[in-house]
Amino acid sequence: MTITPLMPVYPRCEVRPVRGEGCYLYGEQGERYLDFASGIAVNILGHGHPVLTKAIQDQAATLMHVSNLYGSPQGEAFAKRLVDNSFADTVFFTNSGAEAVECAIKTARRYHYAKGNAHKHELITFGNAFHGRTLGAISATDQPKMREGFEPLLPGFAYARFDDLEGAKALMTENTAGFLVEPIQGEGGIRVGSDAFIQGLRALCDEHDLMLVFDEVQCGVARTGTLYAYEQYGVTPDIMASAKGIGGGFPMGACLATEKAAAGMVFGTHGSTYGGNPLAMAAGQAVFDVILEPGFLENVRQMSDRLVQALEQFIPNHDHLFDSVRGKGLMLGLKMKSDSRAFVAHLRNHGLLTVAAGENVMRILPPLVIEQAHVDEFIERLSAGAASYQAPA
Ligand SMILES: *Cc1c(COP(=O)(O)O)cnc(C)c1O
């Protein structure tokens, strides 16, 4: 037998973390890494944050899980908090980002069904999108590496180019249910949707009674310097998938919707055994206790400004390797002139963790609690890494 007990779907690297502390991870031999990957935008409070740790410990000892057959004071309270701090009127809790996207797709289809327009089932999505790995979520992306071998996929998706409003408009038919879009693509390469694109999609939805569905699984929950990225576009979605940072490392997600958009989601239409259980709700509340503190978002924006400034000074000194910096808040991408995967691997030898993405972009996704000293250390390690780097031919 050559297959490993852990199904070998990830090309796992040599870093084997066993402990985390603040913005650092430690390997089996005590190796120390500055963690500017954050479990891919998940550990927004860093590792071992006392507020989050205590909330989980206390809740685990009090009540970990009950069925959604029962009333949920914990779920009601956290849903109300999400509603009070967003465009939404109602929330469905999930265990992951892909499930939040699934709920968003179902909610959009059901909206039209409930209005007697069951033929309006098709969502227009965008090139290089990433919405997760369920069959629904891979049906919503045009990326062959995620779809190949899993056909037949779900019908009901059409694919426009990202940031191409006219292209999206051209795909609209009488079957269109709406648009599903990451306002800022993560996996696809930290591509920031333009104001005109995002606002244009909103206008099309208003005009044709379509659902605007945002996937803020990566860009939401304070990552971009506002609680949600959509706030910076001056528009609101009808439905939004949230996850990753929402639990600060506890696996959970949420599908948020307006009352109008959720009109079809009545008793029996959707469910989840674990979704919104008391342990998850305690984790989410703890994360929101911290990120809604005065000054938290300011810190994200300030650290972002300093990182961007430092990177913009750094790039010209290494312009054979790097092209530009892009992104918003602490969701940044360093566009490279060669394979970003190889450089991310090289930086691990310099005790620095980042994440590769599409378009040869290196993602910079630090915990949102970083301080100036972490920015300085990041630039130091990056410089050392760049100085010793031989780009693959
Ligand atoms: C990570 C991600 C997902 C999938 O989340 P999972 O928790 O892995 O299911 C969906 N959409 C976006 C934009 C993501 O970054």
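None of these values were measured; they are calculated from a predicted model.

Asker: Quick one: what's the story with empty space enclosed by the protein, residue by residue and with numbers?
Answerer: Using the criterion set out here, one finds 1 cavity of 30 Å³ or more in the structure. Put simply, the largest cavity is a space of about 50 Å³. Forming the boundary of the largest cavity are 13 residues, of which Val66, Ser67, Asn68, Ser72 and Gly276 lie nearest the centre. Residues belonging to the lining of the largest cavity are distributed by class as follows: 4 nonpolar, 9 polar and no charged.

Asker: Requested: an account of the site of the ligand, with residues and values cited.
Answerer: Every residue lining the ligand is accounted for by Ser96, Gly97, Ala98, Phe130, His131, Gly132, Glu182, Asp215, Val217, Gln218 and Lys244. One of the backbone nitrogen or oxygen atoms of Gly97 is found 2.8 Å away from an oxygen atom of the ligand. Within the side chain of Asp215, a nitrogen or oxygen atom sits 2.7 Å from a nitrogen atom of the ligand. Here the ligand occupies the largest pocket.

Asker: I'd like a rundown of the domain arrangement of the protein chain, residues and numbers included.
Answerer: Domain parsing of the protein chain yields domain 1 (17-49 + 294-387) and domain 2 (63-291). Of note, the centres of domain 1 and domain 2, computed from C-alpha atoms alone, are 27 Å apart. Taken together, the contact between domain 1 and domain 2 spans 28 residues of the former and 27 residues of the latter. Carbon and sulfur atoms make up 65% of the surface buried where domain 1 meets domain 2, a total of about 2300 Å² over both sides. The largest share of the area that domain 1 buries against domain 2 comes from Ile44, Lys328 and Met331, three residues that together contribute 30% of it. Connecting domain 1 to domain 2 are 1 salt bridge. Put simply, domain 1 and domain 2 have 8 residue pairs in polar contact (both at pLDDT 80 or more) between them. Of all the secondary structure elements, the ones that give two or more residues to the side of domain 1 that touches domain 2 are helix H1 (38-41), helix H10 (296-314), strand S13 (322-328), strand S14 (331-336) and strand S17 (361-364). When residues of the side of domain 1 that touches domain 2 are assigned to their parent elements, the largest contribution, 4 residues, is made by H10. Looking at the side of domain 1 that touches domain 2 residue by residue, the classes come out as 16 nonpolar, 7 polar and 5 charged.

Asker: Report on the sheet that holds strand S7 (residues 176-181), specifying residues and quantitative values.
Answerer: Strand order in the open sheet made by the 7 strands is S4-S12-S11-S10-S7-S5-S6, with mixed pairing throughout. The open sheet has two free edges, formed respectively by strand S4 (90-94) and strand S6 (157-160), since each of these has just one partner strand. For this sheet the average axis-to-axis angle between neighbouring strands, irrespective of direction, equals 20 degrees. In this sheet, strand S10 (residues 211-215) lies alongside S7 in parallel orientation, the contact comprising 4 bridges. What sits directly across from Val181, in S10, is Phe214.

Asker: Any chance you could break down the UniProt feature "modified residue: N6-(pyridoxal phosphate)lysine" (unreviewed entry) in the protein chain for me, citing the residues and the numbers?
Answerer: Per the UniProt record, "modified residue: N6-(pyridoxal phosphate)lysine" (unreviewed entry) is found at Lys244. As for its position among the elements, Lys244 is in the loop between strand S11 (239-242) and strand S12 (253-257). Among the residues examined, Lys244 registers a relative accessible area of 22% and is labelled partly exposed. Excluding its chain neighbours within four sequence positions, the residues that come into contact with Lys244 are Ile40, Ala41, Val42, Val217, Gln218 and Met252.

Asker: Kindly report on the pattern of salt bridges, identifying the contributing residues and their values.
Answerer: The final tally for this structure, using the stated rule, is 17 salt bridges. Taking the shortest distance from any N to any O, the salt bridge between Asp58 and Lys54 comes out at 2.6 Å. Note that Asp58 and Lys54 are positioned in helix H2 (residues 50-62) at a spacing of 4 residues, about one turn of the helix. Note that Glu359 is salt-bridged to Arg191, the shortest N-O span being 3.5 Å. In this pair, Glu359 sits in the loop between strand S16 (355-357) and S17 while Arg191 sits in strand S9 (residues 191-192), placing the two residues 168 residues apart along the sequence. Among the residues examined, Glu359 registers a relative accessible area of 35% and is labelled partly exposed. Because the salt bridges share partners, they merge into one network encompassing Arg32, Glu377 and Arg381.

Asker: Provide a residue-level description of the packing of helix H11 (residues 340-348) against helix H12 (residues 372-387), including the pertinent values.
Answerer: Following both chains from N to C, one finds H11 and H12 inclined at 115 degrees, their axes separated by 9 Å at the closest point. Looking at the two axes, H11 sits roughly perpendicular to H12. Seen from above, H11 lies across H12 with right-handed handedness. Of the residues in H12, those touching H11 at Phe343, His346 and Leu347 are Arg381, Leu382, Gly385 and Ala386. Broken down by class, the residue content of the contact of H11 with H12 amounts to 4 nonpolar, 2 polar and 1 charged.

Asker: Account for the pairing of S10, naming residues and giving values.
Answerer: When you tally the buried positions in S10, you get 5 out of 5 residues, the bulk of the element. Alternating residues of S10 divide into Met211, Val213 and Asp215 and Leu212 and Phe214, and every residue in both groups is buried. Where S10 lies against S11, 3 bridges are found, and the strand directions are parallel. Residue pairing for S11: Val213 is matched across the bridge by Ile239.

Asker: Give me the lowdown on H11, citing residues and values where you can.
Answerer: Among all positions in H11, only Ser340, Phe343, Val344, His346, Leu347 and Arg348 are buried. The N-cap residue of H11 is Asp339: its side-chain oxygen and the backbone nitrogen of Arg341 are 3.0 Å apart.

Calculation notes
Residues numbered from 1 in each chain as written. Predicted model: local features only at pLDDT ≥ 70, side-chain atom pairs only at ≥ 80, totals over all residues. Heavy atoms only, no water. 1 Å grid on protein atoms, 1.4 Å probe; cavity = no way out; pocket = protein on both sides within 12 Å on 5 of 7 lines; lining within 4 Å. Points joined across faces, edges and corners; volume = space filled by probe spheres on them. Nonpolar A, V, L, I, M, F, W, Y, C, P; charged D, E, K, R; others polar. Near = heavy atom within 4 Å. Polar contact = N/O pair within 3.5 Å; in protein donor to acceptor, adjacent residues only side chain to side chain. Sits in = over half its atoms within 2 Å of the grid points. Domains from an automatic or database assignment. Contact = heavy atoms within 4.5 Å. Buried area = accessible area lost by both parts, 1.4 Å probe. Salt bridge = Lys/Arg side-chain N within 4 Å of Asp/Glu carboxyl O. Helix = DSSP H or I, 4+ residues; strand = E, 2+ residues; numbered from the N terminus. Pairing = 2+ DSSP bridges. Axes fitted to C-alpha atoms, helices over the stretch in contact; angles between N-to-C directions. UniProt positions renumbered as here; feature names shortened; annotations may be inferred. Buried < 20%, exposed > 50% of the residue type's maximum accessible area, 1.4 Å probe, protein only. Parallel < 35°, antiparallel > 145°, perpendicular 65-115°, else oblique. Left-handed = near helix turned anticlockwise from the far one by under 90°.

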